[in-house]
Amino acid sequence: MTHAKCNYWKCSNAIGLFLVILFVLCFAWYFIRPVEQELHLQLFRMSIVGFEEMNAIGFILGAIQSYILGYLGVGIWTLVGCCMKSGESHGSCCDGK
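Residues numbered from 1 in each chain as written. Predicted model: local features only at pLDDT ≥ 70, side-chain atom pairs only at ≥ 80, totals over all residues. Heavy atoms only, no water.

On to the overall build of the chain. Looking only at helices and strands, the chain has four helices and zero strands in total. Starting at the N terminus and ending at the C terminus, the chain contains elements arranged as α-α-α-α. Every one of the 97 residues in the chain was classed for burial, and the buried ones make up 25%. Across the chain, contacts joining residues at least 24 apart in sequence account for 56% of those joining residues at least 6 apart. (Helix = DSSP H or I, 4+ residues; strand = E, 2+ residues; numbered from the N terminus. Buried < 20%, exposed > 50% of the residue type's maximum accessible area, 1.4 Å probe, protein only. Contact = heavy atoms within 4.5 Å.)

Attention now goes to the pattern of salt bridges. Pairs can form between side chains of opposite charge whenever their charged atoms are close. Using the criterion set out here, one finds two salt bridges in the structure. Notably, a salt bridge pairs Glu 53 with Arg 45, separated by 3.3 Å at the nearest N-O pair. Overlapping salt bridges bring together Glu 38, Arg 45 and Glu 53 as one network. (Salt bridge = Lys/Arg side-chain N within 4 Å of Asp/Glu carboxyl O.)

This next bit is on the layout of surface pockets. When its volume is computed, the largest pocket comes out at roughly 190 Å³. Taken together, Leu 19, Leu 22, Phe 23, Cys 26, Phe 44, Ser 47, Ile 48, Gln 65, Ser 66 and Leu 69 make up the full set of residues lining the largest pocket. Elements supplying a minimum of two residues to the lining of the largest pocket: α1 (8–32), α2 (37–47) and α3 (56–79). Broken down by element, the residue count for the lining of the largest pocket peaks at four residues, all from α1. Residues belonging to the lining of the largest pocket are distributed by class as follows: seven nonpolar, three polar and no charged. (1 Å grid on protein atoms, 1.4 Å probe; cavity = no way out; pocket = protein on both sides within 12 Å on 5 of 7 lines; lining within 4 Å. Points joined across faces, edges and corners; volume = space filled by probe spheres on them. Nonpolar A, V, L, I, M, F, W, Y, C, P; charged D, E, K, R; others polar.)

With that settled, consider the packing of aromatic side chains. Working definition: an aromatic ring pair is given by the centre-to-centre distance plus the angle between the planes. As enumerated under the stated definition, the model contains twelve aromatic pairs in all. Ring centres of Tyr 8 and Trp 9 lie 4.9 Å apart, and the angle between their planes is 80°; on these two criteria the pair is classed as edge-to-face. By the ring-pair criterion, three or more aromatic residues cluster together here, those being Phe 23, Phe 27, Tyr 30, Phe 31, Phe 44, Phe 51 and Phe 59. (Phe/Tyr/Trp six-rings, centres within 6.5 Å; stacked < 30°, edge-to-face > 60°.)

Right, let's get into α3. Over its 24 residues, α3 runs 35 Å from end to end, which matches the ideal 34 Å to within 8%, given 1.5 Å per residue. Residues Gly 58, Gly 62, Ala 63, Ser 66, Gly 70, Tyr 71, Val 74 and Gly 75 constitute the buried set of α3. Looking at the buried side of α3, the elements it contacts are α1. A side-chain oxygen of the first residue of α3 lies 3.3 Å from the backbone nitrogen of Ile 57; this N-cap is Asn 55. Positioned one or two residues after α3, Gly 81 has a phi angle of 85°, which is positive. (Expected span 1.5 Å × (residues − 1). Polar contact = N/O pair within 3.5 Å; in protein donor to acceptor, adjacent residues only side chain to side chain.)

Let us look at α2. Of all the positions in α2, only His 40, Leu 41 and Phe 44 are classed as buried. For α2, the angular spread of the buried residues around the axis is 95°, confining them to a single face. Looking at the buried positions of α2, the neighbouring elements they touch are α1. (Arc of directions from axis to C-beta.)

For the rest of this paragraph, the subject is the environment of Cys 11. Its place among the elements puts Cys 11 in helix α1. Between the alpha carbons of Cys 11 and Val 74 there is a distance of 7.2 Å; along the sequence they are 63 residues apart.

Here we come to unusual backbone geometry. The phi angle at Glu 36 is positive, at roughly 55°, despite the residue not being glycine. Summarising the element assignment, Glu 36 is placed in the loop between α1 and α2.

Interpretation note: all reported values are geometric properties and have no functional meaning in isolation.
This is the structure we're talking about:
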């Protein structure tokens with residue numbers, strides 16, 4: 001079975017945008033459902049470098065870092081060989097086999 005060659009930039013952009021959307025949802029959820037807000041803040045502080053409070057700076061830092069994580073994740077995925085190269089499928093990493 002042949003597949004199109006992986007496009008690192010296109011895939012990374014898509015994953016990065018997906019992670020930014022997830023971050024936006026998590027950020028909004030803090031205000032929509034105000035339960036365990038201190039835990040919510042602690043998790044953001046733990047996972048986002050420089051995050052301090054639920055404000056514009058925290059939002060921008062989180063969105064940028066989420067987008068960058070998309071590129072890092074796809075880069076690591078490619079390094080471990082789970083991306084299709086030379087039009088050949090590499091098994092379970094790519095096509096569910």
